[in-house]
2 protein chains.
Amino acid sequence: MNDTKRIMVRGAPIASGRHPLVCTPLVGGSVDDILREVAAVLPKRPDVVEWRADYFGQIADREAVIDTALRIRDAVGGIPVIFTCRSAREGGQRIALAASGVAELLGDVCGARAADLVDFELANAAGDVERVRDAARQNGVTLILSHHDFAATPGAEALLDTFRAAERAGGDVAKVAVMPRTLEDVLTLLSATLAARAALSIPLLSMSMGPLGSITRMVGWAFGSTLTFAVGQSSSAPGQIPIEDLRTALAIAQRAFGAER
Amino acid sequence: MNDTKRIMVRGAPIASGRHPLVCTPLVGGSVDDILREVAAVLPKRPDVVEWRADYFGQIADREAVIDTALRIRDAVGGIPVIFTCRSAREGGQRIALAASGVAELLGDVCGARAADLVDFELANAAGDVERVRDAARQNGVTLILSHHDFAATPGAEALLDTFRAAERAGGDVAKVAVMPRTLEDVLTLLSATLAARAALSIPLLSMSMGPLGSITRMVGWAFGSTLTFAVGQSSSAPGQIPIEDLRTALAIAQRAFGAER
């Protein structure tokens, strides 16, 4: 646990370095829906919230996006916000923006300092990744480079390569989320996470999705995953567990495991 | 989960086939201590209790052992009781009986039908294993053939061989408990359990011990382990979790995982 790197925001670890961080997604379609969601989620005290802007009806309206991001930041108080516009190819909603448009939007979000972290997919064109990375760096925003596979779980070596690629491309955090077809796939994801923790100098987060992979959301922290997504009001990916349940299971597992450290 | 075999006692699955079974050990040194332990543990409703008779001060007194076993059975009502006299070599207390004496004692326990299940180590002399097996079969007692390694975790192939050996030697249940040195070892135990579930025609139980392995006590059921040990009043092996915590964690994990099935 000691060698698990923490996610930093403006030079400090989120939630004073709590491990793992619990993040709840916001998936409302309108400003009102999103603010209602924030109000419902806040009492559950997530460590981080992720605005899944690909669910936002006005995603193609730059001003509306920035304005809403700023309203979310105001509403959540000091809780760090991840701005994510997940591509349809990696499990997001279908939207009017192309990948280059999303890269531009993320650059604008960074420029307006309307989020603490931004997430961009590693599979995007190198030029787009660089553009987002540069905007993030210039504005002190933490960059998560992510990879999602909703169809299968690659082998452990391929998964480790993906973690490494996220670091090489300049990510501050490497995220890998994959779908298991078997329980062996679930173990493969945990094993690759363990290898990546040793191999990378940046923090990482990982999960095996779906019901079959749900245990990784509860035990992934032991293998080096520094953040786990939980349902506040609505889930954004299959297998997410209600935040109250997740916190309870984490506390029990950490009590048992913690005697080691 | 559907293909996880259940442990049978006199022709019926324990606790109507609940999966996984939660078993609490009894480790008292005297009859009074043991009966106090039973009284403390019963309200926590374990599915099975294991009398670790190697902790019993009068273990070399055959009459006292049988009498105490019968008193435990009376005291627990209908809850199945495992009679175990763990060898010092595999993590038990040092006692005056040699392995052949333990085999003889287990035969007597079976003959007196003073337990529902007996546990004997696979590593014992083949003749002793056969003797216990025959006594168990003749008296309708369920035989657990077990292997414990408190020093390390063998490779997945070696672990699978051990599960297979327990079946080949005539066990009704195969038990493997090993100590991890790394988190990779924990994954190896889970992977071998999954392989054994597919390869064996008898039910099995497994765990990775110590704090590092404690998560296997919470998630091993998903990989095919049909019973998990939890602390009722006192633990009998490192890494055991209080029964209330274990039940809570199991319920959360099964709710998340269960959507699959």
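All of these numbers come straight from a predicted model, not from anything done at the bench.

## Considerations on the interface of chain B and chain A
A common way to express how large an interface is: the accessible area buried when the components associate.
Okay, step 1: Taken together, the 27 residues of chain B in the interface contact 27 residues of chain A.
Okay, step 2: Counting the surface lost from both chain B and chain A, the interface buries some 2,500 Å², and carbon and sulfur atoms represent 76% of this.
Okay, step 3: Considering only the surface of chain B that becomes buried against chain A, Leu183, Leu187 and Ile252 of chain B emerge as the three largest contributors, covering 22% of it.
Okay, step 4: There are 2 salt bridges connecting chain B and chain A.
Okay, step 5: Of the charged contacts in the structure, one is a salt bridge between Arg255 of chain A and Asp245 of chain B, with a shortest N-O distance of 2.7 Å.
Okay, step 6: For the pair chain B and chain A, the number of links is 4 residue pairs in polar contact (both at pLDDT 80 or more).
Okay, step 7: For the side of chain B that touches chain A, the secondary structure elements donating two or more residues are helix 6 (183–199), helix 7 (210–219) and helix 8 (243–258) of chain B.
Okay, step 8: Ranked by residue count, the leading element in the side of chain B that touches chain A is helix 8 of chain B, at 8 residues.
Okay, step 9: Class assignment for the residues of the side of chain B that touches chain A results in 18 nonpolar, 3 polar and 6 charged.

## Description of the environment of Ile14 of chain B
Residues and elements named next belong to chain B.
Okay, step 1: Topologically, Ile14 is positioned in the loop between strand 2 (12–13) and strand 3 (21–26).
Okay, step 2: Here the alpha-carbon distance between Ile14 and Pro80, two residues 66 residues apart in the chain, equals 7.5 Å.
Okay, step 3: Excluding anything up to four places from it in sequence, Ile14 contacts Ile7, Val9, Leu21, Asp47, Val48, Pro80 and Leu117.

## Here's the deal with the nonpolar core
Okay, step 1: Core analysis: the biggest nonpolar cluster contains 97 residues, and Met218 of chain A together with Trp51, Phe83 and Met218 of chain B have the highest contact counts within it.
Okay, step 2: Within the second largest apolar cluster, 51 residues are counted, among which are Val49, Ile72, Leu106 and Val109 of chain A.

## A closer look at the relation of the copies chain B and chain A
Okay, step 1: Note on the copies: chain B fits chain A at an RMSD of 0.0 Å, the axial shift is 0.0 Å, and the rotation between them is 180°. Look at the turn and shift together and you get a two-fold axis relating the two. Of every C-alpha in chain B, the one belonging to Ala249 of chain B sits nearest the axis of rotation, 2.6 Å from it.
Okay, step 2: Taken together, the interface assignments show that 100% of the residues at the interface of chain B recur at the interface of chain A, consistent with an identical surface on both copies.

The rules we used
Residues numbered from 1 in each chain as written. Chains lettered and ligands numbered in written order. Predicted model: local features only at pLDDT ≥ 70, side-chain atom pairs only at ≥ 80, totals over all residues. Heavy atoms only, no water. Contact = heavy atoms within 4.5 Å. Buried area = accessible area lost by both parts, 1.4 Å probe. Salt bridge = Lys/Arg side-chain N within 4 Å of Asp/Glu carboxyl O. Polar contact = N/O pair within 3.5 Å; in protein donor to acceptor, adjacent residues only side chain to side chain. Helix = DSSP H or I, 4+ residues; strand = E, 2+ residues; numbered from the N terminus. Nonpolar A, V, L, I, M, F, W, Y, C, P; charged D, E, K, R; others polar. Core = buried A, V, L, I, M, F, W, Y, C linked by side-chain atoms within 4.5 Å. Buried < 20%, exposed > 50% of the residue type's maximum accessible area, 1.4 Å probe, protein only. Least-squares fit on C-alpha atoms with pLDDT ≥ 70 in both.

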